[in-house]
Amino acid sequence: MNTTSRRTILTSMAAAAAGLPLINDLAGNGSTAAAATTAAEFPSNTALYSSGTYQEGVHWMRRFRRGAPAELLDNASGTSEPVRSTAIIAPHGGGIEAGTSELCLAIAGYTPTGAGTAPAAVAGVPQRDYWMFEGLASSSELHVTSTNCDDPAALAVCGHNLYAVSLHGFAPETGPAKQILIGGRDQRLMRNLASAFAAHGLTTGTGTPRLDVTVVVAGVDSPLNGDDPANIVNRTSSGAGAQLEISTELRKAMFGTFGSAADRRATAGKGTADEAHFWNGFVDAVREAVDRHELGRDAV
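Caption draft 1: Layout of the overall build of the protein chain. When helices and strands are counted, the protein chain shows eight helices and seven strands. Counting every position in the protein chain, which comprises 300 residues, the buried fraction comes to 52%. A sequence separation of at least 24 residues applies to 77% of the contacts in the protein chain between residues at least 6 apart. As displayed, the protein chain offers around 11700 Å² of accessible surface, 51% of which is attributable to carbon and sulfur atoms.

See below:
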């Protein structure tokens, strides 16, 4: 079963996939995961890059950093240092699955920036390797499925790290509006993520319905459990990673203004208390889960 049908089936099971329109600009909100509505035109990044139909800097771009950790050292007797070796990736960033680029940079320890501007390190948190493919046009044809990703930078970033976390978007039509679907091959990392989301208030039964978030950990029989070894998030040196699917409404709830990339960068977690709750809760939870995972610890 291909990734397009797997995502479509899971979205239908969790809450039927919506066919919402996409804005044809990086400024657009990319509200619907392309794979949930139409098959990708290109079978790989190589095919897309070589097509001549869509041009880098016009229709798409990619941003990445590879180089951390520069050194691993632990001589302490009473504590242990985490092995900083987790990549954060957004395979369908920019206008394709909006909000995932900004989340990718923030979780990796950088300030969200636009193209051509190097992101600044965030003080007090570790900086991690990252990779993003970003649509400058929210065309479904720019959506290369995760199992078909062969971008050289993505392979280098993931292959250089022990673990990886990938960020995706989907748009459920029914059921809870705010959802996180956790998949992947790294079961311990998946458990750490689920535990961290609950600890940071991204859960149900909060007593305030508008703050409720439904978090689902995909089982082994789930149509979209993210466990395919070819999935770019699993092409790490350990052969495993974790995949996070974030609903449109949850991503929108993290930003004061969701309509453009510039607006998202300017308003991420900076508006109302609710926006700060969702943005900071998500970013901090993923950072915490990764830190715990790199120490070899389990949530259960």
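Caption draft 2: Up close: the packing of aromatic side chains. Using the criterion set out here, one finds eight aromatic pairs in the structure. A ring pair is formed by Trp60 and Phe133, whose centres lie 5.7 Å apart and whose planes are at 25°; its orientation type is stacked. You can see Trp60 sitting in strand S1 (residues 60–65) and its partner Phe133 sitting in strand S3 (residues 130–135), a full 73 residues away along the chain. Among the residues examined, Phe133 registers a relative accessible area of 1% and is labelled buried. One aromatic cluster is present, formed by Tyr49, Trp60 and Phe133 through successive ring pairs. For the cation-ring pair, Arg264 lies above Phe258, with the distance from its terminal atom to the ring centre recorded as 5.5 Å.

Caption draft 3: Representation of the sheet that holds strand S7 (residues 242–247) within the structure. Pairing in this open sheet of seven strands is mixed, and the strands run S1-S3-S2-S4-S7-S5-S6 from one edge to the other. Two strands lie at the open edges of the sheet, namely S1 and strand S6 (214–217), each paired on one side alone. Looking at each pair of strands side by side, their axes are set apart by 15° on average, direction ignored. Contacting S1, strand S2 (86–94), S3, strand S4 (163–170) and S7, helix H3 (residues 100–107) crosses the sheet at an angle of about 165° to S2. The strands touched by helix H8 (residues 273–294) within the sheet are S2, S4, strand S5 (179–184) and S7, with S4 carrying the most contacts at an inclination of about 155°.

Caption draft 4: Fine view of the packing of helix H5 (residues 187–199) against H8. It is at 8 Å that the axes of H5 and H8 come closest, and there the two elements cross at 140°. Between H5 and H8, the crossing angle belongs to the class labelled oblique. Judged by the twist between their axes, the crossing of H5 over H8 is right-handed. Of the residues in H8, those in contact with Arg188, Leu189, Asn192, Leu193, Ala196 and Phe197 of H5 are Phe282, Ala285, Val286, Glu288, Ala289, Arg292 and His293. Along the lines of polarity and charge, the residues of the contact of H5 with H8 split into eight nonpolar, two polar and three charged.

Caption draft 5: Up close: the nonpolar core. If you look at the biggest cluster of nonpolar residues, it comprises 41 residues, and the most contacted ones within it are Leu167, Phe197, Leu244 and Phe282. Counting residues per element, the ones that place at least two in this core are S2, H3, S3, S4, S5, H5, S7 and H8. By residue number, the principal contributor to this core is H8, which donates eight residues. When residues no more than four places from it in sequence are discounted, the contact partners of Leu244 are Val165, Ser166, Leu167, His168, Ile180, Leu181, Ile182, Leu193, Phe197, Phe282 and Val286. Counting residues in hydrophobic clusters, the runner-up holds 19 residues, among them Tyr54, Val144, Ala153 and Val233.

Caption draft 6: Highlighting H8. When the terminal C-alpha atoms of H8 are compared, their 31 Å separation across 22 residues agrees well with the 32 Å that a helix rising 1.5 Å per residue should span. A positive phi of about 80° marks Gly296, the residue just after H8.

Caption draft 7: Expanded view of the pattern of salt bridges. Applying the stated rule across the entire model yields eleven salt bridges. The residue Asp298 makes a salt bridge to Arg191 at a minimum N-O spacing of 2.6 Å. Note that Asp298 is positioned in the segment after H8 and Arg191 in helix H5, a separation of 107 residues in sequence. The network of salt bridges with shared partners includes Arg84, Arg128, Asp291 and Glu294.

Cut-offs applied
Counting of residues starts from 1 at the beginning of each chain's written sequence and follows it residue by residue. Where totals are concerned, whole chains, interfaces and linings use all residues; where local detail is concerned, this predicted model gives features only for residues with pLDDT of at least 70, and gives and counts side-chain atom pairs only at 80 or more. Heavy atoms from the whole structure form the basis of all side-chain values; hydrogens and water molecules are not counted. In DSSP terms, a helix is any run of H or I states spanning at least four residues, a strand is any run of E spanning at least two, and both are numbered starting from the N terminus. Burial here depends on accessible area, computed with a 1.4 Å probe over protein chains only, as a share of the maximum for the residue type. Under 20% is buried, over 50% is exposed, and the range in between is partly exposed. Pairs of residues are marked as contacts when any of their non-hydrogen atoms sit within 4.5 Å. Residue exposure ignores everything except the shown protein chains as possible cover, and the areas themselves are Shrake-Rupley values with a 1.4 Å probe. Working definition: rings of Phe, Tyr and Trp (its six-membered ring) pair if their centres are within 6.5 Å, and the pair is stacked with planes under 30 degrees apart, edge-to-face with planes over 60 apart, and tilted otherwise. Over a ring means this: the NZ of a Lys or the CZ of an Arg is within 6 Å of the ring centre and within 35 degrees of the ring normal. When DSSP locates at least two bridges between a pair of strands, those strands are taken to pair. To define axes, lines are fitted to C-alpha atoms, for helices over the stretch in contact only, and angles between the resulting N-to-C directions are given on a 0 to 180 degree scale. Angles are sorted into four bins: roughly parallel if under 35 degrees, roughly antiparallel if over 145, roughly perpendicular if 65 to 115, and oblique for all others. Note on convention: the crossing is left-handed when the near helix lies turned anticlockwise from the far helix by less than a right angle, right-handed when the turn is clockwise. Gly is put with the polar residues, along with every residue not named as nonpolar or charged; the nonpolar set is Ala, Val, Leu, Ile, Met, Phe, Trp, Tyr, Cys and Pro, and the charged set is Asp, Glu, Lys and Arg. By nonpolar core is meant a set of buried Ala, Val, Leu, Ile, Met, Phe, Trp, Tyr and Cys residues that side-chain atoms within 4.5 Å join together. Here, expected helix span is obtained from the residue count minus one, scaled by 1.5 Å. By definition here, a salt bridge exists when the distance from a side-chain nitrogen of Lys or Arg to a carboxyl oxygen of Asp or Glu is within 4 Å.

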